[in-house]
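Secondary and tertiary structure notes
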Amino acid sequence: MAQFSATVLTLLTLIGGVLSGNVPRTAVDQRVAAVRDILTHLENARRLLVLVCWPPTIRYQLWREINAGRIPMELQFATVDSNNLPWHDPDRHLVVVVADLACAGTDRLLQQSGHLLYYRLRWVILHSEGAAVRSAKGWKNCSEYSTLDDLPLLVSNEVYYFCTDPSTGQHLVRQQYRLSRTGPITVETVGPWEPTKGVVVAGPRAVTYVRRRNFNQFQLRASLVLQFNDTVNHLNDYSNKHRDTLSRISYHLTNSVGLHLNASVRFTIVTSWGYRNATTGLYTGMIGELQTDLADLGASSLFFTPDRIPVIDYLSMPIKARVGLIFRAPKLSYTDNVFVLPFERYVWYSTLSFIVLSALLMALVLRCEQRYTGRPEPLAAQDSFGLSDTVLNSFGTTCQQGSFIEPKRAASRCLLLICLVLLMFLYASYSANIVAMIQSPSTKIQTTKDLLESRMKVGSDDTTYNRYYFRHSTEPLLKALYDQKLKNKDGSENFIPLRRGIELVQQGLYAFHVELGIAYLLINDLYQEGEKCDLKKVDSYKLIDPYYAVQKNTSFRESVRIALFRLREFGIQEREHSLLYTKKPRCSGATSFVPISIVDIWPALAIFGWGCLLAVMTLVAELWVRSQMYHTLKAFLCLKKANR
């Protein structure tokens, strides 16, 4: 009877624990307790994926413990199969996978997991000895986890496993990692685990990157792009800074990353960043070495393109590199008619209205003077002036050519004096603006489209990536720029050396596509101060700063990424950038005199030419009309004579 009462009391306690959510720790299966206790030390765990062969009662216990916890977590049970792993889940960094080596197929599951063992996924691995484990003898010895030794548990893995220390009999939670698949194993102890206390961690535990930052001179393989053979002799100095500048900055940053991680770096030299072979699908150059596991790091930063995302991982933007089209702003007369720019539209309307109004008023005043005076006096040896004469006189006065009308009365003289004074100020303002505008640079070219529509010639720095982007670009403006400006009619292309392109820009009316940081270095050496003030640029590629890249799904991804961020914080990145890149030259305010050319006065010459043509045509028309009138009059006289 007493034994029955105790059994009933135990059942009532368990039922009450289930209903209240509080179950004694000693009443929970050891596997469930282990998973529950380790989850309290895993931050941002939002989903628990359980791939085990446990019986339904144990699964229910786990569900009960998770739902009774304070951290909201989604729980999912699945069979021991690699197809159930979150291969394509973008939030797999929030997932914790539970596996039990005592279940059949778990060894194969772990072997098929690949990069999920060390990349953005956390694991809790158990090795229980029975279907229902509650005793303290339920875990395998730490020396019996040979299965884990054969797995790629690389430096970034977050795999936790429970084992028993054979010397002390203490249950431990451990992690282990290696820097390469064949390298030595490093074991980390998270802390002891006790069924009544859980996982005991002494003090705050550093994050994975900090704990495993010391690579102990492990050799990292880096691929470096150099397009000039001589650059390999100047990687550690700052001579010929305009050659392979992007790669040289990345080279110094890669060495700094190695020092930060206490690793050695072995560089291999390639001649291109790498482009996809349409037949094989493989990349050449640096990307090809990352794709085929010949390199761990892409030591030359490269531009972000969508086609490279499946084969490499972009980390950060350590270099402020910009490419664009630089040119000296042409004179204003090359893009606009400077003879119409001094005045706004309404000023021109007012000037024309004034010419017509003053002509009408002058004609009216002169006619009234001649009609209503007692004895009209001759004006400039003429008896009268018509409307066309006064219009021509007003137009000549506007152009400061003087007046051929010499009025004798006070009214007409006052009108003429007012016109002369007013038009003098107008002419002075117009002339001053014309002189200033002829010496002024144009600001009309602001975009690639403006450059495409201008008369400027275009060339590009002869580099591998410039040739590739222009030839394969699908952007309409960039493709049109290549077809209309860079590609000649004979099939040749305007890809020229850097120094030659900078010299052509200096001569004017030439735009050069180049990396701006290295172009400014030569501009500082070759250009006069006044020429630097005329420098303009327009963006060509719609790309952001170059990225530092590593092998796809590499275990070094997080370590290298954080190391690059540290280099930025410490100022090392900015130091290397300032030593090898040159900023845009400052304009000191000096101006250079630009001689007047035919282009500047072309509108005036055009008006003169059209005026001469109109005069000749008018003369011919007058002669023809006079001839017709003469023949008509002669015929009329002959007919009249005949009628007599």
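Here is what the cut-offs are and how they apply
Per chain, residue numbering runs from 1 following the sequence as it is written. Reporting in this predicted model follows two pLDDT cut-offs: at least 70 for local features of residues, and 80 or more for side-chain atom pairs to be given and counted; totals over whole chains, interfaces and linings ignore these cut-offs and use all residues. The side-chain quantities take in all heavy atoms of the structure and omit both hydrogens and water. Working definition: helices are DSSP H or I runs of at least four residues, strands are E runs of at least two. Numbering for both runs from the N terminus. Only protein chains enter the accessibility calculation, which uses a 1.4 Å probe. A residue is then buried if its area is under 20% of the maximum for its type, exposed if over 50%, and partly exposed in between. Any two residues whose heavy atoms approach within 4.5 Å at even a single point are treated as in contact. Note on areas: Shrake-Rupley, 1.4 Å probe, and residue coverage restricted to the protein chains presented here. Pairing between strands is defined by DSSP: at least two bridges between the two strands are required. Only residues whose relative accessible area exceeds 30% and that form no salt bridge enter a patch; like-charged residues are grouped when within 9 Å of one another, and nonpolar side chains (Val, Leu, Ile, Met, Phe, Trp, Tyr) when within 5 Å. What counts as a salt bridge is simple: a side-chain nitrogen of Lys or Arg found within 4 Å of a carboxyl oxygen of Asp or Glu. Nonpolar cores were defined as sets of buried Ala, Val, Leu, Ile, Met, Phe, Trp, Tyr and Cys residues, with membership established by side-chain atoms within 4.5 Å. Think of it like this: strands point away, you trace from the first strand over the helix to the second, and a clockwise trace means the crossover is right-handed. Two cysteine sulfurs form a disulfide in these notes if their separation is within 2.5 Å. What the arc covers is the set of directions going from the helix axis to the C-beta atoms. Definition of a polar contact: a pair of N or O atoms within 3.5 Å, with one able to donate and the other able to accept a hydrogen when the atoms are protein atoms, and with sequence-neighbouring residues admitted only if both atoms are side-chain atoms. Think of each axis as a best-fit line through the C-alpha atoms, taken over the contacting stretch in the case of a helix, with angles from 0 to 180 degrees between the N-to-C directions. Pairs were defined over the aromatic rings of Phe, Tyr and Trp, the Trp ring being its six-membered one, requiring ring centres within 6.5 Å. Orientation was assigned from the angle between planes: stacked under 30 degrees, edge-to-face over 60, tilted for the rest. Positive charges are assigned to Lys and Arg, negative charges to Asp and Glu, while His and the chain termini are left out of the count.

1. Brief notes about the overall build of the protein
Summing up its helical and strand segments, the protein has 21 helices and 18 strands in all. Classification of the 644 residues of the protein by burial places 43% in the buried group. The long-range share in the protein, meaning contacts at least 24 apart out of those at least 6 apart in sequence, stands at 72%. Carbon and sulfur atoms provide 58% of the accessible area of the protein, an area that totals close to 34,700 Å².

2. A closer look at unusual backbone geometry
Of note, N240 is a non-glycine position whose phi angle comes to about 50°, a positive value. Position of N240 among the secondary structure elements: in the loop between β9 (219–225) and α7 (245–260). Look at N240 and you get partly exposed, because its relative accessible area is 34%. Of note, the phi angle at N262 is positive, near 55°, even though the residue is not glycine. Here N262 lies in the loop between α7 and β10 (264–270). Since its relative accessible area comes to 30%, N262 is described here as partly exposed.

3. Some words on the sheet that holds strand β1 (residues 47–51)
The strand order β2-β1-β3-β4-β5-β6-β7-β8 describes an open sheet built from 8 strands, whose pairing is mixed. Only two strands of the sheet have a single partner each, and these edge strands are β2 (74–78) and β8 (198–199). In this structure, strand β7 (residues 186–194) lies alongside β8, joined through 2 bridges in antiparallel fashion. In the sheet register, E194 faces β8, and the bridge partner there is G198.

4. Remarks on a nonpolar patch on the surface
Residues I596, I598, I601, W602 and L605 make up a contiguous nonpolar surface patch of roughly 480 Å² in combined accessible area. Its place among the elements puts I601 in helix α21 (residues 598–643). Overall, I601 belongs to the partly exposed group, its relative accessible area being 31%.

5. Observations regarding the nonpolar core
I502, F512 and V560 are the most contacted members of the largest nonpolar core, which has 85 residues in total. Residue contributions to this core peak at 6 residues, all from helix α17 (residues 516–526). Residues I38, L101, L110 and F162 belong to the second largest nonpolar core, which totals 53 residues.

6. Side note on the pairing of β9
Of all 7 residues making up β9, 5 are buried, and the element is well covered by its neighbours. Alignment of β9 against β10, held across 7 bridges, turns out to be parallel. Pairing of S223 across the sheet is with T268, part of β10. A crossover connection joins β9 to the parallel β10 through α7; in handedness this β-α-β unit is right-handed. Relative to strand β11 (residues 297–302), β9 runs parallel, the two sharing 2 bridges. By the bridge assignment for β11, A222 is matched with L297.

7. Digging into the state of the cysteines
Inspection of every chain in the model, using the stated rule, returns 2 disulfides. Sulfur-sulfur distance for the disulfide between C53 and C103 comes to 2.2 Å. Across the S-S bond of C53 and C103 the torsion is about -90°, and the bridge reads as left-handed. Of the two residues, C53 sits in the loop between β1 and α3 (56–68) while C103 sits in the loop between β3 (95–100) and α4 (106–112), which places them 50 residues apart along the sequence.

8. Some words on helix α14 (residues 464–472)
All of the buried residues along α14 are Y465, N466, Y469 and F470. What you see down the axis of α14 is that its buried residues fit within an arc of 120°, all on one side. On its buried face, α14 sits against β14 (457–461), α15 (476–486), β15 (495–496) and β16 (510–515).

9. What to know about helix α2 (residues 30–39)
Extensive coverage of α2 is indicated by the burial of 10 of its 10 residues. N-cap assignment for α2: the residue whose side-chain oxygen lies 2.9 Å from the backbone N of R31 is D29.

10. Thoughts on the sheet that holds β11
One open sheet accounts for 5 strands, arranged β10-β9-β11-β18-β12; its pairing is mixed. Each edge of the open sheet carries a strand with a single partner, namely β10 and β12 (312–316). Strand-to-strand twist in this sheet, taken as the mean axis angle between neighbours without regard to direction, amounts to 30°. One ladder, built from 4 bridges, connects β12 with strand β18 (residues 547–551); its direction is antiparallel. Of the residues in β18, the one forming a bridge with I312 is Q551. Where α7 meets the sheet, its contacts fall on β9, β10, β11 and β18, and the angle it forms with β11 comes to roughly 145°. On top of the sheet, helix α19 (residues 557–570) reaches β11, β12 and β18; it is set at about 25° to β12, its chief contact.

11. Description of the packing of aromatic side chains
Each aromatic ring pair is described using two quantities: the centre-to-centre distance and the angle formed by the ring planes. Enumeration over the complete set of coordinates arrives at 18 aromatic pairs. An angle of 45° between the planes, with centres 5.7 Å apart, marks the rings of F215 and F556 as tilted. Of this pair, F215 sits in the loop between α6 (208–211) and β9 while F556 is found in the loop between β18 and α19, placing the two residues 341 residues apart along the sequence. Here F215 and F556 have matching classes, each one buried. With centroids separated by 4.0 Å and ring planes inclined at 25°, the aromatic side chains of Y275 and Y468 adopt a geometry described as stacked. Of this pair, Y275 sits in the loop between β10 and α8 (285–291) while Y468 sits in helix α14; the two residues are 193 residues apart in sequence, bridging distant segments of the chain. A residue is classified by how much of its surface remains accessible, and Y275, at 12% relative accessible area, is buried.

12. A closer look at the side chain of R92
Here R92 shows up in the loop between β2 and β3. Among buried Asp, Glu, Lys and Arg side chains, R92 stands out as unpaired, with D89 the closest opposite charge at 6.8 Å. Each residue touching R92, except ones within four places of it in the same chain, is listed here: P86, W87, H115, L116, Y119, R120 and L121.

13. Here we look at the pattern of salt bridges
A complete count under the given rule lists 24 salt bridges for this structure. Measuring nitrogen to oxygen at the nearest pair gives 2.7 Å for the salt bridge that ties E493 to R471. Of this pair, E493 sits in the loop between α15 and β15 while R471 sits in helix α14, and the two are 22 residues apart along the sequence. E493 sits in the partly exposed class, given a relative accessible area of 23%.

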